[in-house]
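Here is what each chain is made of, one letter per residue.
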Amino acid sequence: MKQRPGFPVKLDVSNQKKIEKKSVSLNWIESDRTGSSSNSVSFTATGLGLDSSVVRKNMVRRLADSGVEDNLVLTALETVERHKFLDTALANQAYEDTSLPIGFGQTISKPNVVARMLELLRQGKNLRITGKLGRVLEIGTGCGYQAALLSQLATEVYSIERIKGLHERARENLRSMRIANLHLLFGDGMTGYPAGAPYSGIIAAAGGDNIPQSWLDQLDEGGRIVAPMVVMKGTQSLIVIDKIKGELRKSILEQVNFVPLKAGID
Ligand code: SAH
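Residues numbered from 1 in each chain as written. Predicted model: local features only at pLDDT ≥ 70, side-chain atom pairs only at ≥ 80, totals over all residues.

1. Observations regarding the site of the ligand
The condition is simple: Using a C-beta atom placed from the backbone, a residue is described as near a molecule or strand when that atom lies within 6 Å of it. Only DSSP runs of H or I covering at least 4 residues are called helices, and only runs of E covering at least 2 are called strands; the numbering of each starts at the N terminus. By the convention adopted, Pro, Cys, Tyr, Trp, Phe, Met, Ile, Leu, Val and Ala count as nonpolar, Lys, Arg, Asp and Glu as charged, and the other residues, Gly among them, as polar.
In the vicinity of the ligand there are 24 residues, among which Gly140, Gly142, Gln146, Gly189 and Ala206 approach most closely. The set of elements that each furnish at least two residues to the shell around the ligand consists of strand 4 (106–108), helix 4 (145–150) and strand 6 (154–161). Looking at side-chain class alone, the shell around the ligand contains 13 nonpolar, 7 polar and 4 charged residues.

2. Examining the packing of helix 1 (residues 53–65) against helix 2 (residues 71–79)
Put simply, the rule reads: Axes here mean lines fitted to C-alpha atoms, for a helix over just the part in contact, with angles spanning 0 to 180 degrees between N-to-C directions. Roughly parallel here means an angle under 35 degrees, roughly antiparallel means over 145, roughly perpendicular means 65 to 115, and every remaining angle is called oblique. Take the far helix as your reference; a near helix turned counterclockwise from it by less than a right angle gives a left-handed crossing, and one turned clockwise gives a right-handed crossing. Two residues qualify as a contact pair if the distance between their C-beta atoms, derived from the backbone, is within 7 Å.
Running from N to C, helix 1 and helix 2 cross one another at 155°; their axes reach a closest spacing of 8 Å. Here helix 1 is positioned roughly antiparallel relative to helix 2, judged by the angle of their axes. Here helix 1 runs over helix 2; the crossing is right-handed. Along its contact with helix 1, which presents Arg56, Lys57, Val60, Leu63 and Ala64, the element helix 2 presents Leu74, Leu77 and Glu78. Looking at side-chain class alone, the contact of helix 1 with helix 2 contains 5 nonpolar, no polar and 3 charged residues.

3. Brief notes about helix 3 (residues 111–122)
Applicable threshold: Here, expected helix span is obtained from the residue count minus one, scaled by 1.5 Å. Think of it as a crowd count around each C-beta: if 20 or more other C-beta atoms lie within 10 Å the residue is buried, if 12 or fewer it is exposed, and in between it is partly exposed, with C-beta placed from the backbone throughout.
Between its first and last C-alpha, helix 3 extends 16 Å over 12 residues, near the 16 Å set by a 1.5 Å rise per residue. For helix 3, a buried count of 10 out of 12 residues is recorded, marking the element as mostly surrounded by other parts of the structure. Taken together, the buried positions of helix 3 are occupied by Pro111, Val113, Val114, Ala115, Arg116, Met117, Leu118, Leu120, Leu121 and Arg122.

4. A closer look at the environment of tyrosine 199
Within the fold, tyrosine 199 resides in strand 8 (residues 199–204). Classification of tyrosine 199 as buried rests on a count of 27 C-beta atoms within 10 Å. Taking the C-alpha atoms as reference points, tyrosine 199 and glutamate 221, separated by 22 residues in sequence, lie 8.7 Å from one another. When neighbours within four sequence positions are excluded, tyrosine 199 is seen to be in contact with Arg135, Val136, Leu137, Gln218, Leu219, Asp220 and Gly223.

Take a look at the structure:
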């Protein structure tokens, strides 16, 4: 059997910048667990008492209404606290269906797009008997939000980020969640991550002019790639590639708008 890499990878954290989370007031209207709604209350994001589960449930209900059907995806979206991956100044927008800046010129996709891509990934042929995907590779960790969702849908998740500062931020965001099956890597995801291959799913949050050969090579039989790609000058579409009996089958879906897939590291 192939030797699996030893993770989590140890990083030299001596220079790691502390990410300061300022305390700000949020204007969510929260209701208590019995469902009775309170007036507009201010919450402090850094306080331990923040209960955002109601706002998250509402977000999930809206996603379900808009056509997301996969219960495992919906449950993951209901569980993972999106506001914890954002700057506190943006936390009150965390459960709106909007993409938001995460620093270093990058953005976190809107929940609808995240849900759509995760749902597509799970519709590949390679779901385990457990109903989960096997090993999954994510290109573009960003703030780590989608990686946290993926960790609930797959047995093992390898997530690569090319911007050192974001990789460290994701590590910081995810630290307290102690997700044992999530492995954060710093590097150029265009070469994939051969040590974790073959993957039953590969998902990218950044779009290039084509799908790198390394991703196709590292995809398992029955596996699926879901990624944005530039199909016409300046226009990106969501691409799905399945590997069936060694053959690649490609579908071009709806137009999307992701940050560019870039080579090398920053
Ligand atoms: N899934 C992320 C979204 C991040 S945005 C989240 O939940 O926050 C897309 C990310 O892809 C950016 O952080 C960008 O730096 C990264 N990226 C672009 N090209 C890359 C490459 N070749 N390898 C790894 N990451 C890349």
